[in-house]
Amino acid sequence: GGLEGWAGGVDRGTLMEAAAGRGGALERGGNRNRLDLSDIHCRQAAELGIRIAISTDARATGGLGNMRYGVDRARRGWLNRKDVLNTLSWHNLSRALKRS
């Protein structure tokens, strides 16, 4: 899909436009059982200049291995290092966080 409605009634297009306009970022969680940014949405976000933070989305230590699913989805969306907050140096990450 395109930028039509999202889980919980949030409009993905509006959310992405707001993030892009404010220099914000979006999260790509690694839990496969939760609704999250798809590979297509990751690509759309990158095209708008929105960085993605990849997380485990873990609620307990047993879920820490979920990071690979978040990374896999980001790769399927053709994200690269510049698109992912987790890859920034501390200096660049702190600067990015101050802007948002």
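Since the structure is predicted, the reported quantities are computational estimates derived from the model, not experimental observations. (Residues numbered from 1 in each chain as written. Predicted model: local features only at pLDDT ≥ 70, side-chain atom pairs only at ≥ 80, totals over all residues. Heavy atoms only, no water.)

Looking at this structure, I do not really get the overall build of the protein chain. What am I missing?
Within the protein chain, the secondary structure is distributed over four helices and two strands. When the elements of the protein chain are put in sequence order from the N terminus, they spell out α-β-α-β-α-α. Looking at the 100 residues of the protein chain, the share that counts as buried comes to 38%. Expressed as a percentage of contacts within the protein chain between residues at least 6 apart in sequence, the contacts between residues at least 24 apart total 66%. Accessible area of the protein chain: about 6,300 Å², with a carbon and sulfur share of 53%. (Helix = DSSP H or I, 4+ residues; strand = E, 2+ residues; numbered from the N terminus. Buried < 20%, exposed > 50% of the residue type's maximum accessible area, 1.4 Å probe, protein only. Contact = heavy atoms within 4.5 Å. Areas by Shrake-Rupley, 256 points an atom, 1.4 Å probe, with all protein chains shown as cover.)

Looking at this model, I keep getting lost on the environment of Ala58. Mind explaining?
Relative to the elements of secondary structure, Ala58 occurs in the loop between β2 (51-55) and α3 (67-76). Measuring from C-alpha to C-alpha, the distance between Ala58 and Gly29 comes to 8.5 Å, with 29 residues separating the pair along the chain. Apart from residues lying up to four places away in sequence, Ala58 is in contact with Gly63 and Leu64.

Would you explain the nonpolar core in this entry?
Where a protein is soluble and globular, its nonpolar side chains tend to be buried together. Among the nonpolar cores identified, the biggest contains 13 residues, and Met16, Leu26, Leu37, Ala45, Ile50, Ile52 and Leu79 are the most heavily contacted of them. Listing elements by their share of this core, those giving two or more residues are α1 (12-22), α2 (39-47) and β2. Among the elements that make up this core, the one with the highest residue count is α2 (three residues). Excluding anything up to four places from it in sequence, Ala45 contacts Met16, Leu26, Ile50 and Ile52. (Core = buried A, V, L, I, M, F, W, Y, C linked by side-chain atoms within 4.5 Å.)

Can you help me understand the pattern of salt bridges in this one?
Pairing between side chains of opposite charge can happen when their charged atoms approach one another. What the rule picks out here adds up to four salt bridges. When the shortest N-O distance is used, the salt bridge between Asp57 and Arg59 registers 2.9 Å. (Salt bridge = Lys/Arg side-chain N within 4 Å of Asp/Glu carboxyl O.)

Would you mind showing me how to read the side chain of Asp83 here?
Structurally, Asp83 can be placed in the loop between α3 and α4 (90-99). Discounting residues that sit within four places of it in the chain, Asp83 has contacts with Ala46, Ile50, Arg51, Ile52 and Trp78.

Please explain α3 as it appears in this structure.
Note: α-helices contain 3.6 residues per turn, so residues at a spacing of three or four share the same orientation. Taken together, the buried positions of α3 are occupied by Tyr69, Gly70 and Ala74. Down the axis of α3, the smallest arc covering the buried residues is 135 degrees, so these residues share one side. In α3, the exposed residues that point more than 90 degrees away from the buried face are Arg68, Arg75 and Arg76. Check the buried side of α3 and you find it contacts β1 (25-29), α2 and β2. In the segment just after α3, Trp78 is the residue with positive phi, at about 65 degrees. (Arc of directions from axis to C-beta.)

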